[in-house]
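Each chain, letter by letter, is given below.
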Amino acid sequence: MDAGLPDALGLTEVVYEELRKPEYGAQQTLFGYVISKLKARNVLAGGSPFVRVNIEDAYDAILRLLGRNNDPLSEFVYSWDPILDHIRPQFNETAFIKSITEAITDQSRSMSHRFIQVNQHALREAAQSISEVVNSAKNIDDSSRAAAMYIDILVKVLSSPPNSAGYLDRLVSWCDKKNAIIGSLNYDMLIENSCDANNCTWDYGLDQWSCRQNVSFNKQSINLIKLHGSINWSGSLDDVIIHDSPPEIKRWRRSNASMIFGGQDGKLRVDGPFLHLRYAFEKSLNKSNRLIIVGYSFSDAHINSILRRWVTTRTKAKMIIVDPGTVDFGLNVFQQSYTDKEKERFKTVDIVHIKRTAAEGIDKALAVSDSRFNPNYEHKNGFLPHILVTRIE
């Protein structure tokens, strides 16, 4: 957000605006309808109707709707929401009959003169009226085509030049100096661009993937572990191709093989380099007692499990969270951040919440990371583990 690129909530609105273009046909109606359904579901669960929808939730819902016939549970569903029937183009019977009639009339006239001549133009119009309906229906119902379309839009949006990402320059320089690992869930290339601007090299760890199916990092470069892929990756799961910038790919033909996009069900992919990258990230994290988390919502279960294991195995560690909003410290990620000995409570992880944006809080986060472990806790913060959190406004 600080660099001008939308977050997962803002992307939903950006995608909706993009889908309003004529080239997308009825996709905008389908997308808007699914958003309204997700909001209605949230209201029925006691939530607010004004809560914004995460783009990954919308993407998942649309693909599940389009692929409903492949879902084993479809056998137990009496009827589906009729939205797809409403937005499918209707066959124009009047135009079809008119075109066929003109062709037949011209043929009858020609036969009276003892030669056969069909109005080719009228026949083409008749065929086109059928083709338009069939192809449009196919495009709406094709979940793989819809997935490629959304990946296309995502790459287009995240490839836009950022407003300002100067704060990342400081982070990259610090990481280069400290030989720190960067784990990213983002698809954009903001970190890579900052590395270029600061004459720092980075390594995705994928140089040997295509030939040996192995993830290995250059110790002389910043290890940039992109756990969900990147907009400048392409190819197949077995042969990931790295580009200097997002590659030009034929419209709606982009494979999602090099990007994990969607909700929880698809985050742990057993194929491709993603599990290897996840393992490399956890292995690197376990070697460190300092962790800076910037702009993470703690909503990815597979990432939370890594963080929970890290917290559980620490004795004197620091976790610095940069987030201007509210963090739910009641999550099980934080539950083992302290220990009780001889009726006294001790911190094992010193949690610091910097309630600022990334641009405003990154310098403070780096300074806190360099400071000593603080075993003290504040009773005024309420119940566990909130009392163990130091807040910096």
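About the thresholds
Residues numbered from 1 in each chain as written. Predicted model: local features only at pLDDT ≥ 70, side-chain atom pairs only at ≥ 80, totals over all residues. Heavy atoms only, no water. Pairing = 2+ DSSP bridges. Helix = DSSP H or I, 4+ residues; strand = E, 2+ residues; numbered from the N terminus. Contact = heavy atoms within 4.5 Å. Axes fitted to C-alpha atoms, helices over the stretch in contact; angles between N-to-C directions. Buried < 20%, exposed > 50% of the residue type's maximum accessible area, 1.4 Å probe, protein only. Phe/Tyr/Trp six-rings, centres within 6.5 Å; stacked < 30°, edge-to-face > 60°. Core = buried A, V, L, I, M, F, W, Y, C linked by side-chain atoms within 4.5 Å. Salt bridge = Lys/Arg side-chain N within 4 Å of Asp/Glu carboxyl O.

## Regarding the sheet that holds strand S1 (residues 182–184)
Taking strand neighbours across the sheet as the criterion, the 3 strands line up as S1-S3-S2 in an open arrangement whose pairing is parallel. Every other strand in the sheet has two partners, leaving S1 and strand S2 (202–203) as the edge strands with one partner each. Bridge analysis of S1 against strand S3 (residues 222–226) gives 3 bridges, and the strand direction is parallel. Each bridged residue has a counterpart across the sheet, and for Gly-183 the counterpart in S3 is Ile-225. Running over the sheet, helix H9 (residues 190–197) touches S1, S2 and S3 and is turned about 165° from S3.

## Overview of unusual backbone geometry
Look at Asn-179: it is not a glycine, yet its phi comes out positive at around 55°. Position of Asn-179 relative to the elements: it lies in the loop between helix H8 (166–178) and S1. Classification of Asn-179 as exposed rests on a relative accessible area of 54%. The residue Gln-213 is not glycine, and still its phi comes out positive at about 55°. By the element assignment, Gln-213 lies in the loop between helix H10 (209–212) and S3. Looking at Gln-213, the relative accessible area reads 32%, which means it is partly exposed.

## Points about the packing of aromatic side chains
According to the stated counting rule, one finds 7 aromatic pairs in the structure shown. Between Phe-31 and Tyr-150, the aromatic rings sit 5.8 Å apart at their centres with planes inclined by 35°, giving tilted as the arrangement. With Phe-31 in helix H2 (residues 27–44) and Tyr-150 in helix H7 (residues 143–158), this residue pair connects regions lying 119 residues apart in the sequence. When its relative accessible area of 1% is taken as the criterion, Phe-31 is described as buried. With a relative accessible area of 3%, Tyr-150 lands in the buried category.

## Structural notes on the pairing of strand S9 (residues 344–347)
Across 4 bridges, strand S8 (residues 338–341) lies against S9 in antiparallel orientation. Bridging across to S9, Lys-341 finds its partner in Glu-344.

## So, the nonpolar core
Counting residues in hydrophobic clusters, the biggest one holds 54 residues, and the most contacted among them are Phe-298, Leu-307, Met-319, Ile-321 and Phe-334. Sort the elements by how many residues they give to this core and H8 lands first, with 6 residues. Among all residues touching Ile-321, those that are not within four sequence positions of it are Ile-293, Phe-298, Val-327, Phe-329, Phe-334, Ile-351, Val-352, His-353 and Ile-354. Of all hydrophobic cores here, the second largest spans 33 residues; its members include Val-34, Leu-38, Val-53 and Phe-261.

## A short note on the pattern of salt bridges
Counted according to the given criterion, the structure contains 12 salt bridges. Between Arg-20 and Glu-17 there is a salt bridge; the shortest N-O distance is 3.4 Å. You can call Arg-20 exposed: its relative accessible area is 51%. The shortest N-O distance in the salt bridge between Glu-18 and Lys-21 comes to 3.1 Å. For Lys-21, a relative accessible area of 32% translates into the label partly exposed. Residues joined by salt bridges that share partners form a network here, namely Glu-18, Lys-21 and Lys-156.

## Details of the sheet that holds strand S6 (residues 290–294)
Note on sheets: strands pair through backbone hydrogen bonds, and any given pair is parallel or antiparallel. Read across the sheet, 4 strands follow the order S6-S7-S10-S11 without closing on themselves; strand pairing throughout is parallel. Every other strand in the sheet has two partners, leaving S6 and strand S11 (389–392) as the edge strands with one partner each. Here the average twist between neighbouring strands, direction ignored, is 15°. As paired elements, strand S7 (residues 317–322) and strand S10 (residues 349–354) share 6 bridges and run parallel to each other. Counterpart to Ile-321 in the pairing with S10 is His-353.

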